[in-house]
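# Tertiary structure, described
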Amino acid sequence: MDKYFEDFSKYICAYSNFEDSEYVIIGIPYDGTTSFKPGTRFAPDEVRKASWGLETYSPILKKDLIDLNVCDIGNIIMDGSQKEIFNRIYSATKDILKSGKKLITIGGEHSITYPIFKGIVDYYNEDIILIQFDAHCDLRNEYLGNKYSHASVIRRCHQHTEDIYQFGIRSGDREEWEYGWKNTNISMDLPNKDVVKEIRDKDKKIYITVDIDVLDPAYAPGTGTPEPCGFGSKELINALYLFGDLKDRIVGFDVVEISPPYDIGGITSIMGAKIIREFILL
């Protein structure tokens, strides 16, 4: 695995080593397609630092990270072109899955979800449900001449699955909305029990991507594309808890678009860390 990662050894988590771990955390400090305010490249390490301010125990879930086998193996190497970096992400994803692990990724901007999701689909060789929490549709066919932009990531993922659920969406151009209404399950709201039951009844594996700008900027100012009229932290966490009954079918998740240069007091990074803690404990 060290061929994909920089500073591999310094990130090995105290809870477990790679061989014994069930959950593997990786960082992808990439913001090569950022179109407004760059800075997500700094998120993986800032989220790690923020995590030290959290307890390992969740009183809501009544579970503790120290009882689980979790390993952090560091940041993907960022040398080369976007294609080279995405190929590295894709290959690392498949190798981690081959090792029998569940993948937890800290972005980076949202374009990184595509090579991860493609790696998951190709590894399992079956249709995977993609669940997106986001302020933006991310359904453009291309943006600024790039079909693999953060603004096109869900459109690219749609090439590999017919089952996409988009939650919290409140921004996009007309073509994106029309594409979503026709091709995905797009909603301005967060999921409820009925929607989660619908997902459960499909009996497929699930990948979840959380763009931090699904939250209102008051709760997550540290993002490159803040969008007003979003959700509160507790609303989002409670929505994520709804997927607890599907935990055996969730093969991985990511948290993306945290941009530390625009954060206030580290509150966005600590929110990212809490999302990751609660998701692992689910």
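This text follows the structure it describes.
Residues numbered from 1 in each chain as written. Predicted model: local features only at pLDDT ≥ 70, side-chain atom pairs only at ≥ 80, totals over all residues. Heavy atoms only, no water.

## Some details on empty space enclosed by the protein
Spelled out, the test is: Detection works on a 1 Å grid of protein atoms alone, calling trapped sets that fit a 1.4 Å probe cavities and calling open sets with protein on both sides within 12 Å along at least five of seven lines pockets, with lining residues defined by an atom within 4 Å of a point. Grid points are joined across faces, edges and corners, and a volume is the space filled by probe spheres set on the points. Polarity classes work like this: nonpolar for Ala, Val, Leu, Ile, Met, Phe, Trp, Tyr, Cys and Pro, charged for Asp, Glu, Lys and Arg, and polar for all others, with Gly in that last group.
By the definition in use, this model includes 1 cavity of 30 Å³ or more. As a volume, the largest cavity reaches approximately 30 Å³. In terms of lining, the largest cavity is formed by Thr34, Ser35, Phe36, Glu109, His150, Thr225 and Glu257. Considering only residue class, the lining of the largest cavity consists of 1 nonpolar, 4 polar and 2 charged.

## Comments concerning the environment of asparagine 183
What counts here: Secondary structure counts use DSSP, requiring at least four H or I residues in a row for a helix and at least two E residues in a row for a strand, with both numbered from the N terminus. Note on definitions: a residue-residue contact is assigned when non-hydrogen atoms from the two residues lie within 4.5 Å.
With respect to the helices and strands, the residue asparagine 183 is situated in helix H5 (residues 174-183). Apart from the residues lying within four places of it in its own chain, the contact partners of asparagine 183 are His158 and Glu162.

## Comments concerning the packing of aromatic side chains
Formally: Any Phe, Tyr or Trp ring, taking Trp's six-membered ring, that has another such ring centre within 6.5 Å forms a pair; planes under 30 degrees apart are called stacked, those over 60 apart edge-to-face, and the others tilted. The rule is simple: take the accessible area with a 1.4 Å probe, protein chains only, and divide by the maximum for that residue type; under 20% is buried, over 50% is exposed, in between is partly exposed. Sitting over a ring, as applied to charges here, requires NZ of Lys or CZ of Arg to be within 6 Å of the ring centre and within 35 degrees of the ring normal.
Taken as a whole and assessed by the stated rule, the structure comprises 9 aromatic pairs. With 6.4 Å between their ring centres and 55° between their planes, phenylalanine 117 and tyrosine 207 make a pair best called tilted. Of the two residues, phenylalanine 117 sits in helix H3 (residues 113-124) while tyrosine 207 sits in strand E10 (residues 206-211), which places them 90 residues apart along the sequence. Accessibility expressed as a relative area gives 0% for phenylalanine 117, which makes it buried. Here tyrosine 207 falls in the buried class, since its relative accessible area comes to 0%. On the numbers, 6.3 Å between centres and 85° between planes, the contact of phenylalanine 133 with phenylalanine 243 is edge-to-face. Here phenylalanine 133, found in strand E7 (residues 129-133), pairs with phenylalanine 243, found in the loop between helix H7 (233-241) and strand E11 (250-256); they are 110 residues apart in sequence, far enough to count as distant. Comparing phenylalanine 133 with phenylalanine 243, the two get one shared label, buried. One aromatic cluster in this structure is built from Phe133, Tyr165, Phe167 and Phe243. Seen from the ring of phenylalanine 18, lysine 101 lies directly overhead, with NZ or CZ sitting 5.2 Å from the centre.

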